[in-house]
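Descriptive structure summary
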Amino acid sequence: MSQTTGGEVPLKSEHDIVLARQLVRRLTQQLGFSIVDQTKMVTASSELARNALIHGGGGAMQWHLFTRDAKQGLELVFIDAGPGIANLELAMTDGWSSGQGLGMGLSGARRLVNDFNIRSAAGAGTTVTIRRWK
Amino acid sequence: MDRIPILRMGEFLLVTIQVDMQDQLALRLQEDLTAAIERHSSKGVLIDISALEMVDSFIGRMISDISGMGRILGAETIVTGMQPAVAITLVELGLSLPGIATALDVERGMEVLRAKIRNGADHVADDGR
């Protein structure tokens, strides 16, 4: 049986956030992640999907299965074309403020994964890439 | 739109979160619960999250807020049944839910709620002397 190793889902509504984290749950289960590792990746994806929707005005989540040093993992890329983040350093700081329970989103998600990369500039949207492997 | 049912049992309100919640559903639960506390003069709220496979900062914030709002309205809140993987993830995310009472399951949660309310009543009596 051939397996899909990548894809993309939209992040245009709150329901899309639920669908995205359910997809991440299924993918991490397929990869044989432990329950704790599944939960960490699902939670990180929920934070980043919400960021893309609320701060980025919607976007998409791409997913790729990868193998590195004989380890299998999942890469997720969250892309939005929103206003971007002018001060990345500040945005990565802990602090749970801005309105609806955000503020731990970026900094918290970074702690839940093995690899975290963010690219953004004012007016240029935001792309966050996370990876977690077994 | 969907609603999470709130059950009334004497002076307590019981909520079991069984679904993967959209943000709006969580906000609606918060509104419904505070309204129910007021309507029934409830003394305690028990929220069972044993079916939740994930608690992110939004849901964590909602639980904190319900607890805080409940306290102002005179009701104690307890959260029961959090899965270990969820607890580990929450703390790493940076949310340790300070000030939120928790118990392993509904039965123990009810005991804690009853004890809290008894103690609260004693304090009132003490102050009145």
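Residues numbered from 1 in each chain as written. Chains lettered and ligands numbered in written order. Predicted model: local features only at pLDDT ≥ 70, side-chain atom pairs only at ≥ 80, totals over all residues. Heavy atoms only, no water.

1. A look at the overall build of chain B
Helix and strand counts for chain B stand at four helices and five strands. The secondary structure elements of chain B, listed N-terminal to C-terminal, are β-β-α-β-α-β-α-β-α. The C-alpha radius of gyration of chain B comes to 15 Å, within 12% of the 14 Å expected for a compact globule of 129 residues. Taken over the C-alpha atoms alone, chain B extends approximately 45 × 30 × 25 Å along its principal axes. Buried positions account for 46% of the 129 residues belonging to chain B. With 12 positive and 19 negative side-chain charges, chain B shows a separation of 7 Å between the mean positions of the two kinds. (Helix = DSSP H or I, 4+ residues; strand = E, 2+ residues; numbered from the N terminus. Rg over C-alpha atoms; globule rule 2.2 N^0.38 Å. Buried < 20%, exposed > 50% of the residue type's maximum accessible area, 1.4 Å probe, protein only. Lys, Arg positive; Asp, Glu negative; His and termini not counted. Charge placed at Lys NZ, Arg CZ, Asp CG, Glu CD.)

2. Some details on the sheet that holds strand β4 (residues 76-80) of chain B
All names here are of chain B. Judged by pairing direction, the sheet is mixed, and its five strands sit side by side in the order β1-β2-β3-β4-β5 without closing on themselves. Edge positions in the sheet fall to β1 (6-9) and β5 (101-103), since each of these pairs with one other strand and no more. Within this sheet the neighbouring strands show an average axis-to-axis angle of 25 degrees, counted without direction. Across five bridges, the pairing between strand β2 (residues 12-16) and strand β3 (residues 44-48) is parallel. (Pairing = 2+ DSSP bridges. Axes fitted to C-alpha atoms, helices over the stretch in contact; angles between N-to-C directions.)

3. Describing the layout of surface pockets
Residue and element names in this part refer to chain B. Taken as a whole, the second largest pocket spans an internal volume of roughly 220 Å³. Around the second largest pocket, the lining is made up of 13 residues, and of these Asp 2, Ile 4, Val 19, Asp 20 and Leu 25 lie nearest the centre. For the lining of the second largest pocket, the residue count by class is six nonpolar, four polar and three charged. (1 Å grid on protein atoms, 1.4 Å probe; cavity = no way out; pocket = protein on both sides within 12 Å on 5 of 7 lines; lining within 4 Å. Points joined across faces, edges and corners; volume = space filled by probe spheres on them. Nonpolar A, V, L, I, M, F, W, Y, C, P; charged D, E, K, R; others polar.)

4. Some words on the packing of helix α1 (residues 23-40) of chain B against helix α2 (residues 57-72) of chain B
Residues and elements named next belong to chain B. Remark: α1 packs on α2, axes separated minimally by 10 Å, with the N-to-C direction vectors making an angle of 10 degrees. Between α1 and α2, the interaxial angle falls into the category roughly parallel. Only Phe 58, Met 62, Asp 65, Ile 66, Met 69 and Gly 70 of α2 make contact with α1, whose side of the interface consists of Asp 23, Ala 26, Leu 27, Leu 29, Gln 30, Leu 33, Thr 34 and Ile 37. Its residues assigned to classes, the contact of α1 with α2 shows nine nonpolar, three polar and two charged. (Parallel < 35°, antiparallel > 145°, perpendicular 65-115°, else oblique. Contact = heavy atoms within 4.5 Å.)

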